[in-house]
Every structure is written in C-alpha cells, then in structure tokens.
Amino acid sequence: MITRLKSATFMGINAISVDVEVFITTGIPGVMIVGLPDTSTKEAKDRVKAAIKNSGFDYPIKKITINLAPADIRKAGSTFDLPLAIGILISARLLKCEINLDDYIIAGELSLNGKLNKVNGLIALGILAKKLNKAIIIPNENKETAEFLGVNFKSFDTLKGVCKFISGEKEELILTNSKENNLSNFMDFNFYIKQKELKDNKNNDCPDFLDIKGHELAKRALEVAVSGHHNILMVGPPGSGKTMIAKSAMGILPDISLEESIETSNIYSFSNKKFKENEEEYNLISRRPFISVHHTITTAGLIGGGGANPVPGDISLAHNGVLFIDEFSELSKKTLDSLRQPMEDKVVNLSRSRFSILFPCDFMLIAAMNPCPCGYYGDENHECRCSSAEIYKFYNKLSGPILDRFDIFIDVYSVNLKKLMDNKTGESSKEVKERIKQTEKFQSERRAGASIMFNSSLNSSGIRKYINISDSTLSFYNEVCQKLNISSRAYHRTLKVARTIADIERRDTLDEDSILEALNYRNTKFLKV
Ligand SMILES: Nc1ncnc2c1ncn2[C@@H]1O[C@H](COP(=O)(O)OP(=O)(O)OP(=O)(O)O)[C@@H](O)[C@H]1O
Ligand SMILES: [Mg+2]
Ligand SMILES: [Zn+2]
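We now turn to the structure provided with this report. (Residues numbered from 1 in each chain as written. Chains lettered and ligands numbered in written order. Predicted model: local features only at pLDDT ≥ 70, side-chain atom pairs only at ≥ 80, totals over all residues. Heavy atoms only, no water.)

## Observations regarding helix α22 (residues 512-520)
Here comes step 1: Taken residue by residue, α22 has Ser514, Ile515, Ala518 and Leu519 as its buried positions. Viewed end-on, α22 has its buried residues packed into an arc of 135 degrees, placing them on one side of the element.
Here comes step 2: Where α22 is buried, its residues meet α20 (471-484) and α21 (488-504). (Buried < 20%, exposed > 50% of the residue type's maximum accessible area, 1.4 Å probe, protein only. Helix = DSSP H or I, 4+ residues; strand = E, 2+ residues; numbered from the N terminus. Arc of directions from axis to C-beta. Contact = heavy atoms within 4.5 Å.)

## Some points on the site of ligand 1
Here comes step 1: Around ligand 1, the structure places 16 residues, and the nearest of them are Lys213, Gly239, Lys242, Thr243 and Met244.
Here comes step 2: Here Ser240 contributes a backbone N or O atom positioned 3.2 Å from an oxygen atom of ligand 1.
Here comes step 3: Separating an oxygen atom of ligand 1 from a backbone N or O atom of Met244 is a distance of 2.9 Å.
Here comes step 4: Taking 640 Å² as the accessible area of ligand 1 by itself, protein coverage stands at 68%.
Here comes step 5: Looking at which element gives the most residues to the shell around ligand 1, the answer is helix α9 (residues 242-248), with three residues.
Here comes step 6: Residue composition of the shell around ligand 1, by class: six nonpolar, six polar and four charged. (Near = heavy atom within 4 Å. Polar contact = N/O pair within 3.5 Å; in protein donor to acceptor, adjacent residues only side chain to side chain. Areas by Shrake-Rupley, 256 points an atom, 1.4 Å probe, with all protein chains shown as cover. Nonpolar A, V, L, I, M, F, W, Y, C, P; charged D, E, K, R; others polar.)

## With respect to unusual backbone geometry
Here comes step 1: With an omega dihedral of 5 degrees, the bond running from Ala69 to Pro70 counts as a cis peptide bond.
Here comes step 2: Looking at the secondary structure, you find Pro70 in the loop between β4 (63-69) and α3 (81-91).
Here comes step 3: Its identity as a non-glycine residue notwithstanding, His229 has a phi of 60 degrees, on the positive side.
Here comes step 4: In this structure, Asn485 takes a positive phi of about 55 degrees despite not being glycine.
Here comes step 5: By the secondary structure assignment, Asn485 is in the loop between α20 and α21.

## Re the side chain of Arg493
Here comes step 1: Topologically, Arg493 is positioned in helix α21.
Here comes step 2: Judged by relative accessible area, Arg493 falls into the buried class, the value being 12%.

## Considerations on the pattern of salt bridges
Here comes step 1: Inspection of the entire model under this criterion finds 20 salt bridges.
Here comes step 2: Ionic pairing is found between Arg499 and Asp503, a salt bridge with its closest N-O pair at 2.9 Å. Residue Arg499 and its partner Asp503 are both found in helix α21; the two are separated by four residues, about one turn of the helix.
Here comes step 3: The class of Arg499 is buried, set by a relative accessible area of 0%.
Here comes step 4: For Asp503, a relative accessible area of 0% translates into the label buried.
Here comes step 5: Between Asp511 and Arg507 there is a salt bridge, and its shortest N-O distance comes to 2.8 Å. (Salt bridge = Lys/Arg side-chain N within 4 Å of Asp/Glu carboxyl O.)

Take it as geometry only, folks, not as evidence of what the structure does.
This is the structure:
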C-alpha cells in the first residue's frame with residue numbers, strides 16, 4: 001500500500017511543498033529514500049525506526065521505499081522525520097488513518113524515544129500552509145509561532161500523540177488556532193513587545209541620548225536618519241563618540257510591526273546565528289534588529305552565501321532594522337563593493353549553478369570611520385601624520401558609487417571636555433523615539449495609507465507623487481544642486497531627506513529650510529560628496 005503525505009523542505013527563506021510517498025513490500029528488509037535527500041534527511045531512517053519502536057509499535061521488517069517529490073529539489077533538514085514515521089505506520093497497517101491526510105502539511109523532528117522536537121523554518125512553513133489553504137501538524141514547541149501566524153495547526157509532544165489524532169482517538173491536547181486566517185493577533189503582539197521591552201531594559205548596552213553630551217547636530221542627523229530610514233555615515237577623529245552615537249540609534253528605532261517581525265524572524269530561522277537563548281521565546285523578534293558588523297567580516301558573512309545551502313548574511317539579519325559598520329573604511333574593497341547592489345535593490349541574489357536564492361535585506365546603514373589612517377585629518381587639536389599618498393589611497397577605496405548610497409554625512413568632532421561632565425540634561429531616547437513615532441504617523445497620513453513605510457524607499461515615481469514641492473522651491477533646489485554639482489542619485493536622495501525633515505516639522509509642503517538642512521548633510525569637512 002502506498003501512503004501519500006504532505007511535508008515541506010526549504011530553499012532560501014521559502015518553504016516548498018514536498019509529497020512524501022511510502023511503499024512497503026516484501027523483500028530484503030531496509031529503508032531506501034529517493035528524491036535527492038541530503039545527509040540529514042537520509043539519517044531520518046534511523047531516528048524514525050527508534051522512535052516508532054519506543055512509541056509502542058512494532059517496526060515492520062520489510063522493504064520500505066520512500067519517495068520525496070519533486071525529485072529535482074534537494075531535501076534538507078529533519079522535518080521529514082514525522083511524516084516518514086506516520087507514512088511507515090500507515091503503510092504497514094499498524095495505524096489506521098481516520099483523517100484526510102491531504103488537508104495537512106506534516107513536519108517534525110523525532111527523538112529516539114518518540115518525542116517531537118522543534119523544527120526550524122516554521123514561519124516559512126506557516127506561510128506555505130496558508131497559501132495552500134492547509135493546516136499543519138507540528139511539534140508543541142512550535143505552537144506559539146503558529147499562533148502568531150494565524151495558521152490552522154495541531155501540535156503534539158510525541159509521535160504517539162500524533163498517531164492518536166490520526167487514528168481518530170480522542171487526544172487530550174489538541175490545539176487549533178481559532179482565530180481567522182490573517183494577522184489578527186496584533187494586540188497580542190503589541191503586548192508581547194511591551195513585555196520583552198520591560199525584560200530587555202535591564203541588560204541593554206545602548207547609550208541613552210541623555211548620556212551623549214553635546215553632539216546636537218549628530219543627534220539631530222540620527223533622528224532624521226531613523227525617521228526616514230536613511231543611510232548615514234559619521235566621520236570623525238578617535239574617541240569623538242561616533243560608536244556611542246551609532247549605538248544609541250537602537251533606543252530610538254520605531255517599534256517593529258507583526259508583519260515585519262514575521263519577515264525578519266523568518267530570515268533568522270535560516271541563519272546559523274540563532275536567537276540568543278531565552279531571548280525570543282516565541283522565535284519572533286520583538287524589536288528591529290541592530291546588527292553590528294566587524295570590519296574583518298568576509299563578503300559571504302556580510303551578504304550571505306555558503307555552498308549548496310546558502311545562509312543569509314548580516315545584511316539580511318538586519319532586515320527591517322539597522323546594520324552598523326564601525327571602522328567602515330577598513331572593510332576590504334571587495335566587501336564594500338558587494339554592498340552596492342543589495343543596498344539599491346533591498347534584496348540580495350545568491351546565484352548557484354542550478355538555482356538562485358533571494359534574501360531580503362531592507363536595512364538602514366549606519367557607518368562610522370576616521371577621516372584618515374592616523375585618525376586626525378582635519379582635527380584642530382591634533383596633527384595628522386599621514387602622507388598625502390596615504391590619504392589618497394584611503395579615500396580611493398571608498399568609491400563614488402558606495403558613498404552615493406549614503407543620504408546623510410556628518411562630521412563628529414570631540415566635544416569640549418568641560419561639556420562631558422555637564423549636568424545639563426537634554427532629551428532622552430524615549431522622548432526622541434516618541435517623536436519619531438509621531439513623524440511616522442504624520443508620514444502615513446500624508447501618504448493616505450499608501451504602503452511605503454519610509455521615505456528612503458520612495459522610487460522616482462514615488463518621489464513625484466509624495467514629495468509635495470512647489471515649483472518655486474523646486475527651481476531653488478535645482479539651482480543649488482547645479483552649483484554643488486550633485487549626482488543624480490544624490491539629487492533624489494537629498495530630496496527624500498528633505499521630505500523627512502519636513503515630516504519631522506509636520507510641514508505638508510516641502511520648504512527651503514528643510515532642503516537646506518538636507519543639503520547640509522552632504523557638506524562635510526572630510527569627504528567631498
Ligand atoms: N559627547 C560625549 N558624551 C559622553 N561621552 C562621550 C562623548 N564623546 C565621547 N564619549 C566617551 O568616549 C568614549 C569613546 O567614544 P567612542 O568609542 O564612541 O568614540 P569613537 O568616535 O567611536 O572613536 P574611534 O574612532 O576610536 O572608534 C565613549 O564610550 C564615551 O564614554
Ligand atoms: Mg568607534
Ligand atoms: Zn592622518
């Protein structure tokens with residue numbers, strides 16, 4: 001008898017439906033799995049055998065053939081343990097099937113004792129199930145993620161539990177998501193974010209705006225950057241506070257929405273860099289990621305890669321959040337250039353000989369660097385010890401196209417030492433975050449609910465539609481740009497920054513002041529941009 005079940009494998013960050021066929025005949029006992037299984041899937045047969053025996057069933061001493069279709073896609077991972085075990089039990093007539101197997105996608109890893117273990121990629125699996133209008137049968141440990149996704153599911157602790165359900169026996173723990181098939185748990189998610197925030201506040205290494213003395217210009221620039229998701233580059237001598245300012249961005253990022261969290265958490269579930277233990281109990285991230293990259297990172301580490309099973313790089317882990325590259329100029333030229341395409345397209349395409357995989361990477365880049373190899377070029381209090389050849393080489397590496405992708409450039413000078421011990425208090429991160437939240441609201445109302453989240457992602461037609469500029473202000477802008485010899489990419493970018501500034505000031509129409517401030521963010525002492 002042939003038993004057919006549905007399961008799934010993963011490619012990139014997507015789940016792909018796989019039909020599992022199990023056929024048992026007389027012959028030399030053994031299990032053969034065909035249909036491009038990788039090593040971890042091949043290993044399933046030993047786990048499944050032990051799990052079946054330890055769940056109180058006899059293991060059929062027969063020839064078992066398992067086919068995973070479609071045959072041309074590589075099947076990776078341990079999600080097939082559960083469908084294989086059930087398929088074998090039904091085919092061997094050890095389990096009667098009282099449900100319509102075709103209504104379910106089944107995934108779960110088995111322990112030798114028959115316990116069901118959590119599987120990776122549940123978000124992708126849930127999205128697939130919703131698309132195919134199926135329910136999922138999953139391990140209990142995955143049930144919270146399924147709840148947040150609003151997918152119909154049944155979850156179990158053991159193989160025995162699943163068997164009871166399939167044979168129609170009343171199972172003590174059957175959980176079905178009663179909510180509609182949409183993201184209706186939004187209120188629950190907000191509650192989850194607040195809970196996490198309370199917990200996280202204790203051990204956060206993010207400096208508060210209150211602790212940053214002086215640097216008013218840099219703080220304002222950072223607020224503009226975060227409000228419109230603009231890329232920002234900070235240049236300044238050692239110890240001037242660049243790293244500190246960059247890290248403070250963590251505290252003013254707007255809250256993440258459930259949809260964004262699902263997108264980003266899905267990417268995380270395919271990365272080797274797992275959520276820190278106990279940090280995200282539902283496997284859903286509760287705030288925008290802030291990924292700090294060390295300048296020695298490899299290109300593959302940054303943009304993603306790896307042989308047959310490419311994994312997302314740090315730019316994808318920063319999806320819907322911030323990528324922070326300290327000592328930006330120290331990145332290798334190759335790594336710097338590899339950022340160009342993903343920064344423009346907000347998605348990275350990893351091509352392999354037989355397939356290519358797309359990882360989303362819509363991040364805001366915060367970069368910091370010294371103005372020269374010794375660090376003191378342009379500093380009034382220290383002498384720069386670099387030769388002009390060294391400085392030329394230093395800036396030559398930062399090619400025009402990569403600098404063009406920044407919207408905001410800011411010089412960060414050391415503040416007066418007296419100011420450092422100043423008791424005068426400014427705005428706290430909490431206050432700035434609240435203002436950013438209001439700016440966001442103003443933006444979405446101004447755009448009458450159109451789905452573009454941040455000004456930085458407006459394309460040229462979006463710019464024409466949403467910038468809202470009078471003819472006279474536009475000709476003023478054109479004139480200044482011509483004088484400053486600004487590139488066409490920078491032309492659009494500056495206009496978007498100006499739009500963000502006007503949004504912060506709650507101005508419907510773009511005004512000259514906002515434009516001048518935006519242009520000022522391109523006028524740095526160290527870089528000619
Ligand atoms: N404006 C400031 N207010 C408060 N503390 C400051 C300020 N500027 C610098 N500091 C102190 O100086 C330390 C060094 O600053 P930070 O590491 O941010 O400098 P940096 O510009 O990144 O230097 P480098 O170029 O060497 O990386 C901070 O940890 C902080 O304690
Ligand atoms: Mg630093
Ligand atoms: Zn120097």
